[in-house]
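These are the residues of each chain, in order.
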Amino acid sequence: MSTAKRLSAPVPPGGMIGILGGGQLGRMLALAAARLGLKAHVFSPERDAPAFQVAAACSHAAFDDKAALAKFAQACDVVTFEFENVPSETVDHIAASKPVYPSAATLRITQDRFAEKSFVAALGLKTSPFAKIDTREEVYAAFERISGPAVLKTRRMGYDGKGQAKVCTAEEAMRAFETFDSAPCILEGFVDFACEASVVASRAADGSFAAYDPPENIHEHHILRRSIVPSRLDAGQIDEAKAIAGKIAGALDYVGVLAVELFVTRNGALLVNETAPRVHNSGHWTLEACVTSQFEQHIRAVAGWPLGDPSRHCDAVMENIIGAEAAEWRAFAARDGALHLYGKSEIRPGRKMGHFTRLLPRGGAR
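Residues numbered from 1 in each chain as written. Predicted model: local features only at pLDDT ≥ 70, side-chain atom pairs only at ≥ 80, totals over all residues. Heavy atoms only, no water.

Visitor: For this particular structure, what's the right way to read the overall build of the protein chain?
Guide: The helix and strand tally for the protein chain stands at 11 helices and 17 strands. For the protein chain, the C-alpha atoms occupy an extent of roughly 55 × 50 × 40 Å along the three principal directions. Counting all 366 residues of the protein chain, 54% fall into the buried class. (Helix = DSSP H or I, 4+ residues; strand = E, 2+ residues; numbered from the N terminus. Buried < 20%, exposed > 50% of the residue type's maximum accessible area, 1.4 Å probe, protein only.)

Visitor: Would you take a moment to explain the nonpolar core for this structure?
Guide: Within soluble globular proteins, side chains that are nonpolar tend to cluster in buried spots. Ranked by internal contacts, the top residues of the largest apolar core, which has 44 residues, are I17, L38, W285, F295 and I299. For this core, the secondary structure elements donating two or more residues are β1 (16–20), α1 (24–35), β2 (39–44), β12 (223–229), β13 (256–265), α10 (294–302) and β15 (315–322). A per-element tally of this core places α1 first, with six residues. When neighbours within four sequence positions are excluded, L38 is seen to be in contact with V11, P12, P13, G14, G15, I17, A33, I299, A303 and W305. (Core = buried A, V, L, I, M, F, W, Y, C linked by side-chain atoms within 4.5 Å. Contact = heavy atoms within 4.5 Å.)

Visitor: Can you walk me through the side chain of T106 in this structure?
Guide: Counting through the fold element by element, T106 comes out in helix α4 (residues 104–110). For T106, a relative accessible area of 1% translates into the label buried. Beyond its immediate chain neighbours, meaning those up to four positions away, T106 contacts L252, Y254 and P277.

Visitor: Honestly, the environment of T127 in this entry has me stumped. Any pointers?
Guide: Locating T127 in the fold gives a position in the loop between α5 (113–122) and β5 (130–133). The spatial distance from the C-alpha of T127 to the C-alpha of C314 is 31 Å, given a sequence separation of 187 residues. Beyond its immediate chain neighbours, meaning those up to four positions away, T127 contacts K117, V120, L271 and V272.

Visitor: What should I look at first to understand α10 in this one?
Guide: Spacing of three or four residues puts side chains on the same side of an α-helix, whose turn is 3.6 residues. For α10, the tally of buried residues reaches nine of nine residues, placing the bulk of the element in the interior. The set of residues buried in α10 consists of Q294, F295, E296, Q297, H298, I299, R300, A301 and V302. The first or second residue beyond α10 is G304, which carries a positive phi of 80°.

Visitor: I'm lost on the environment of C195 in this one. Help?
Guide: In this structure, C195 sits in strand β9 (residues 193–203). What makes C195 buried here is its relative accessible area of 5%. Sequence separation between C195 and H313 is 118 residues; the distance between their C-alpha atoms is 24 Å. Beyond its immediate sequence surroundings of up to four residues, C195 is in contact with E216, R232, L262, F263 and V264.

Visitor: Explain the packing of helix α6 (residues 136–146) against helix α7 (residues 170–179) here, please?
Guide: Two measures define how a pair of helices packs: the angle their axes make with one another and the distance between the axes. It is at 9 Å that the axes of α6 and α7 come closest, and there the two elements cross at 145°. Once α6 is placed against α7, the crossing between them reads as right-handed. Residues R136, V139, Y140 and F143 of α6 touch α7, and the partners they reach there are A170, E171, A173, M174, F177 and E178. Tallied by class, the residues present in the contact of α6 with α7 amount to seven nonpolar, no polar and three charged. (Axes fitted to C-alpha atoms, helices over the stretch in contact; angles between N-to-C directions. Left-handed = near helix turned anticlockwise from the far one by under 90°. Nonpolar A, V, L, I, M, F, W, Y, C, P; charged D, E, K, R; others polar.)

Visitor: Quick question: what am I supposed to make of the sheet that holds strand β7 (residues 164–167) here?
Guide: Strands in a sheet are paired, the pairing made by backbone hydrogen bonds, and the direction either parallel or antiparallel. Pairing is antiparallel across the open sheet formed by four strands, whose spatial order is β5-β8-β6-β7. Here the strands that pair on one side only, and so sit at the sheet edges, are β5 and β7. When the angles between neighbouring strand axes are averaged without regard to direction, this sheet yields 20°. Taken together, the four bridges between β5 and strand β8 (residues 185–189) define a ladder with antiparallel strand orientation. Paired with I133 across the strands is C185, a residue of β8. Each of β5, β6 (150–154) and β8 touches α5; the most contacted strand, β5, lies at about 150° to it. Contacting β5, β6, β7 and β8, α6 crosses the sheet at an angle of about 180° to β5. (Pairing = 2+ DSSP bridges.)

Written out as structure tokens, the structure is:
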């Protein structure tokens with residue numbers, strides 16, 4: 001039986017929300033908390049974490065520093081995390097004394113791509129065919145089972161295209177497996193999709209659920225380039241996408257915001273690609289285009305407040321500012337739209353440095 005603490009009453013204004021991780025998502029969560037009169041305490045191993053710049057309190061320590069974690073937990077009313085690669089042991093340690101949402105059990109499922117895909121498939125939701133690979137001997141059997149072009153991914157870690165490779169033969173799969181140092185992997189059938197979409201949704205501890213309109217997502221070099229709302233999904237597909245997110249959230253007894261990334265096939269089917277137990281890059285447009293942003297919604301959910309209204313009052317195109325593009329901040333600042341820069345101290349190729357959202361009247365994005 002789980003010994004994790006649960007929130008017994010809503011966190012009142014003036015209360016402290018703990019955030020594990022200090023990247024741009026933690027930064028925007030802290031800003032959303034402040035808007036509601038709540039304070040944020042950010043815990044990060046990075047000394048120059050962007051979220052430290054806007055937090056009421058900061059802890060700089062490793063995720064396995066139990067003394068620092070205990071002091072951090074003592075200062076918070078409830079704790080959440082901004083990315084899924086926080087060690088589940090860290091969450092377990094904090095959850096013994098303070099409520100943590102989403103749960104460590106959810107984190108363990110979503111940190112392992114094979115466990116995640118198996119969980120989703122067990123709910124009767126559609127995915128591409130997949131097989132686990134733990135040893136060299138399993139590579140050929142897995143490729144034969146998938147029978148066609150596939151994508152080999154490490155089961156843990158990796159994002160924005162890291163830790164994955166498209167393979168067309170068993171020999172290519174073996175070479176990729178060796179490139180990943182024979183780490184446990186998952187082989188997924190390649191999907192010739194019409195487009196990619198996602199649904200960002202929230203669930204509260206009382207089971208209430210709210211979902212945003214699904215954006216269409218365009219990637220370049222495996223990194224999200226832009227999200228467009230409305231997507232090309234029709235009304236039936238939009239309802240189905242939201243139902244998929246609701247089914248996953250309910251089965252996890254989820255609390256907070258989650259994202260479900262989808263492949264839209266050429267015959268209109270929706271396949272679950274991956275889930276993210278957190279606020280999501282493809283939901284940044286909600287900051288300006290919705291009554292309640294994904295960041296405020298997450299804070300509301302983990303703090304035990306009623307969920308806000310996810311309604312979209314305009315169309316939006318959100319574009320990431322990546323790497324050296326951040327040096328063009330003057331040009332972005334001169335454009336009509338909303339500019340967000342994340343306060344990162346170093347520009348690196350492929351690094352998300354900010355985003356820009358252009359708003360249009362409903363019906364104007366397409």
